Amino acid sequence: DFSKAMSQAGTSQFQEVIRQELEYSMKVELDKILATAHSNELEHTKKDLEGFKKLFHRFLQEKGPSVDWGKIQRPPEDSIQPYEKIKARGLPDNIASVLNKLVVVKLNGGLGTSMGCKGPKSLIGVRNENTFLDLTVQQIEHLNKSYNTDVPLVLMNSFNTDDDTKKILQKYSHSRVKIYTFNQSRYPRINKETLLPIAKDVSYSGENTECWYPPGHGDIYASFYNSGLLDNLIGEGKEYIFVSNIDNLGATVDLYILNHLMNPPNGKRCEFVMEVTNKTRADVKGGTLTQYENKLRLVEIAQVPKAHVDEFKSVSKFKIFNTNNLWIALSAIKRLQEKNAIDMEIIVNPKTLDGGLNVIQLETAVGAAIKSFENSLGINVPRSRFLPVKTTSDLLLVMSNLYSLNAGSLTMSEKREFPTVPLVKLGSSFTKVQDYLRRFESIPDMLELDHLTVSGDVTFGKNVSLKGTVIIIANHGDRIDIPAGAVLENKIVSGNLRILDH
């Protein structure tokens, strides 16, 4: 046993030496990169690289999944409140004064590449020529006009989206919404073999674009604080931010939740509220809220030991998942940021670059900080508050007559008999937005649709109606044109189908 203990001590000493060497090598490389910065970018590059260094240090310290499965417990009953209970309290007469304490923050760092688009994802047209950003501005403008308030919009951009977003913001200069932006950090990608940065200097244009990445939305706390905007908003009397992904069209300002935050029934304010919703089969990979060491904690699938992944995905054991709609107290962000006390698990995101080089990105998720805040709460909201558009299959749903658009907000049509959304799976011929748009002469009537699967070279004529379960499969070399005015109800269509104009 003694020799075993000695060899273990030796191993851990050896690992410690390796760790120190890796950290030293990283510091040398980062100093070289910093030396190439111009005086006007020196300050923020320095802050970015300092933040990255902290993350890299933690990455070297932590090994294996970051949760001890045995410590995971179901959250206590009162730690996740049903939305109906919060709504039942009603609204006070002075809701405008409560609204004036709110700031809406949209996570706007993502590109539209997964949908075949160049530039920021928020500039993709989703409904009647309106982009995600248009709809967001319309929603907040409607609030400000209805209640005579001044709720500002803050966009967290990344170096990928900042220029294009700023150009487009000019078109809102006459709208009744103050719009601010700040940039999330820019971190260097790490060579998977050497664990050193692949960037040689600070530039991120041309062939250097692949050397850098925005480190996930968990970076909001540091970059919001560093930008000075957090202090400015506190100075203006703002108290809470409502944070959500810009591509979640269900994430509108909810007055009942806001009132619950500002006027808590027990007199004790929450610093952090996470909106969760019930899992369906489509959401089994979503992060879930658990009780861990007497704190509410967000557990993501990447943190789960392999042996427990199926259990994590179980809809019966973990019934809810995180929508990434979060309400956070500004004063708490400031306090925790100044104490360096925001603790988020590291997400290691492996990527292969165009040239075949394997790299890793170290990222964090905004919801993971829930355990650092006091008096956190989950609210189980209706599914309608989670309407993300990640693919053209999602886009088809939000463009269809399943939803009506009013003042920038989408609501499920009253003509739909049941509140669930149809399951839509469009094949690879529809992945890019321009291909998708080309294949629909008009968006089909989907009010009575349960399930749609489309695969292969398929096009839809005008005024097609889809009902029940519809499966359309054109095999390789075949083509299917669904004729104008067709009504498909519980149908499987396969083979070749060409309608020729005479």
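Residues numbered from 1 in each chain as written. Predicted model: local features only at pLDDT ≥ 70, side-chain atom pairs only at ≥ 80, totals over all residues. Heavy atoms only, no water.

- The name given to the protein chain in an unreviewed UniProt entry is UTP--glucose-1-phosphate uridylyltransferase, with Crotophaga sulcirostris as the source organism.
- The annotation that UniProt attaches to the protein chain under Subunit (unreviewed entry) is "Homooctamer."
- Recorded in UniProt for the protein chain, the comment headed Pathway (unreviewed entry) runs: "Glycan biosynthesis; glycogen biosynthesis." (UniProt positions renumbered as here; feature names shortened; annotations may be inferred.)

**Digging into the overall build of the protein chain**
Okay, so step 1: Per the secondary structure count, the protein chain includes 13 helices and 25 strands.
Okay, so step 2: Computed over C-alpha atoms, the radius of gyration of the protein chain comes to 25 Å, within 12% of the 23 Å expected from 2.2 N^0.38 for 502 residues, which places it in the range of a compact globule.
Okay, so step 3: Dimensions of the protein chain along its principal axes, counting C-alpha atoms only, are 85 × 60 × 55 Å.
Okay, so step 4: Restricting to contacts in the protein chain with at least 6 residues of sequence separation, those with at least 24 account for 71%.
Okay, so step 5: Element-wise, carbon and sulfur atoms account for 50% of the exposed surface of the protein chain, whose accessible area totals about 24,400 Å². (Helix = DSSP H or I, 4+ residues; strand = E, 2+ residues; numbered from the N terminus. Rg over C-alpha atoms; globule rule 2.2 N^0.38 Å. Contact = heavy atoms within 4.5 Å. Areas by Shrake-Rupley, 256 points an atom, 1.4 Å probe, with all protein chains shown as cover.)

**Side note on the pairing of strand S13 (residues 295-299)**
Okay, so step 1: Among the 5 residues that make up S13, 4 are buried, leaving the element largely enclosed by the rest of the structure.
Okay, so step 2: Between strand S12 (residues 288-292) and S13, which follow one another and run antiparallel, lie 2 residues, and Glu-293 among them has a positive phi close to 50 degrees. (Buried < 20%, exposed > 50% of the residue type's maximum accessible area, 1.4 Å probe, protein only. Pairing = 2+ DSSP bridges.)

**Here's the deal with the packing of aromatic side chains**
Okay, so step 1: Throughout the structure, instances matching the rule amount to 15 aromatic pairs.
Okay, so step 2: Residues Tyr-221 and Phe-373 carry aromatic rings whose centres are separated by 6.0 Å and whose planes lie at 45 degrees to one another, so their mutual orientation is tilted. With Tyr-221 in helix H7 (residues 220-226) and Phe-373 in the loop between strand S16 (358-363) and strand S17 (377-380), the pair connects residues that are 152 residues apart, well separated along the chain. For the pair formed by Tyr-221 and Phe-373, the shared burial category is buried.
Okay, so step 3: An aromatic cluster is defined as three or more aromatic residues linked by ring pairs; in this entry it consists of Phe-52, Phe-56, Phe-59, Tyr-187 and Tyr-213.
Okay, so step 4: Positioned above the aromatic ring of Tyr-292, the side-chain terminus of Arg-297 is 4.3 Å from the ring centre.
Okay, so step 5: The ring centre of Phe-430 lies 5.5 Å from the NZ or CZ of Arg-439, which sits over that ring. (Phe/Tyr/Trp six-rings, centres within 6.5 Å; stacked < 30°, edge-to-face > 60°. Lys NZ or Arg CZ within 6 Å of the ring centre and 35° of its normal.)

**Observations concerning the nonpolar core**
Note on soluble globular proteins: their nonpolar side chains tend to be buried together.
Okay, so step 1: Ranked by size, the top nonpolar core spans 107 residues in total, and within it Ile-220, Tyr-221 and Phe-460 carry the most contacts.
Okay, so step 2: With 6 residues, helix H5 (residues 132-147) is the largest single contributor of residues to this core.
Okay, so step 3: For this core, the two domains that each supply at least three residues are domain 2 (69-385) and domain 3 (392-494).
Okay, so step 4: Filtering out sequence-adjacent residues up to four positions away, Ile-220 remains in contact with Val-105, Leu-107, Met-156, Phe-182, Tyr-225, Val-243 and Val-366. (Core = buried A, V, L, I, M, F, W, Y, C linked by side-chain atoms within 4.5 Å. Domains from an automatic or database assignment.)

**Regarding the UniProt feature "binding site: substrate" (unreviewed entry) in the protein chain**
Okay, so step 1: The sites that carry the UniProt feature "binding site: substrate" (unreviewed entry) are, in the present numbering, His-217.
Okay, so step 2: Tracing the backbone shows His-217 in the loop between strand S9 (212-213) and H7.
Okay, so step 3: Among the residues examined, His-217 registers a relative accessible area of 26% and is labelled partly exposed.
Okay, so step 4: Sequence-distant contacts of His-217, defined by excluding residues within four places in its chain, comprise Leu-107, Met-156, Asn-245, Asn-324, Thr-364, Ala-365 and Val-366.

**Topic: the sheet that holds strand S25 (residues 487-494)**
Strands belonging to one sheet form pairs held by backbone hydrogen bonds; the direction of such a pair is parallel or antiparallel.
Okay, so step 1: Spatial ordering of the open sheet is given by S20-S21-S23-S25, a layout of 4 strands whose pairing is parallel. Where the open sheet ends on each side, the last strands, each with one partner, are strand S20 (423-426) and S25. When the angles between neighbouring strand axes are averaged without regard to direction, this sheet yields 15 degrees.
Okay, so step 2: Sheet analysis places strand S21 (residues 445-455) next to strand S23 (residues 465-473), joined by 8 bridges and oriented parallel. Its bridge partner being in S23, Asp-445 is matched across the sheet by Ser-465. (Axes fitted to C-alpha atoms, helices over the stretch in contact; angles between N-to-C directions.)

**What about the sheet that holds strand S8 (residues 190-191)?**
Okay, so step 1: Strand order in the open sheet formed by 3 strands is S8-S16-S15, with antiparallel pairing between adjacent strands. Looking at strand neighbours, the two that pair on one side only are S8 and strand S15 (347-352), the edges of this open sheet.
Okay, so step 2: Judged from the 2 bridges that link them, S8 and S16 form a sheet pairing that is antiparallel. Looking across to S16, one finds that Ile-190 is bridged to Ile-360.
Okay, so step 3: Taken strand by strand, helix H2 (residues 39-61) contacts S8, S15 and S16, and its axis lies near 105 degrees from that of S16.

**Here we look at the environment of His-38**
Okay, so step 1: When you line up the elements, His-38 lands in the loop between helix H1 (2-34) and H2.
Okay, so step 2: Taking the C-alpha atoms as reference points, His-38 and Ile-370, separated by 332 residues in sequence, lie 37 Å from one another.

**A few points about H5**
Since there are 3.6 residues in each turn of an α-helix, residues three or four apart along the chain are aligned in direction.
Okay, so step 1: Spanning 16 residues, H5 covers 23 Å between terminal C-alpha atoms, matching the ideal 22 Å at 1.5 Å per step.
Okay, so step 2: Where H5 ends, the next residue or the one after it, Asn-148, has phi of about 55 degrees, a positive value. (Expected span 1.5 Å × (residues − 1).)

**Quick word on the UniProt feature "binding site: UTP" (unreviewed entry) in the protein chain**
Okay, so step 1: Following the UniProt record, the feature "binding site: UTP" (unreviewed entry) maps to Lys-121, Gln-184, Gly-216, Asp-247 and Lys-390 here.
Okay, so step 2: With respect to the helices and strands, Gly-216 occurs in the loop between S9 and H7.
Okay, so step 3: The buried category is assigned to Gly-216, whose relative accessible area is 16%.
Okay, so step 4: Apart from residues lying up to four places away in sequence, Gly-216 is in contact with Gln-184, Glu-363 and Thr-364.

**Section: the pairing of strand S18 (residues 403-406)**
The side chains of a regular strand alternate, first on one face of the sheet and then on the other.
Okay, so step 1: Bridge analysis of S18 against strand S19 (residues 409-412) gives 4 bridges, and the strand direction is antiparallel. Within S19, the residue paired with Tyr-403 across the bridge is Met-412.
Okay, so step 2: Taking the residues between adjacent antiparallel strands as the criterion, S18 and S19 are bridged by 2 residues, where Ala-407 takes a positive phi near 50 degrees.

**Examining the pattern of salt bridges**
Okay, so step 1: In this structure the tally under the stated criterion is 26 salt bridges.
Okay, so step 2: Arg-297 serves as the salt-bridge partner of Glu-345, at 3.1 Å between the closest nitrogen and oxygen. Placement of Glu-345 in the loop between helix H11 (330-338) and S15 and of Arg-297 in strand S13 is noted, with a sequence separation of 48 residues between them.
Okay, so step 3: Take Glu-345: its relative accessible area is 8%, and that puts it in the buried class.
Okay, so step 4: Across the pair Lys-334 and Glu-338 runs a salt bridge, and its minimum N-O distance is 3.2 Å. (Salt bridge = Lys/Arg side-chain N within 4 Å of Asp/Glu carboxyl O.)

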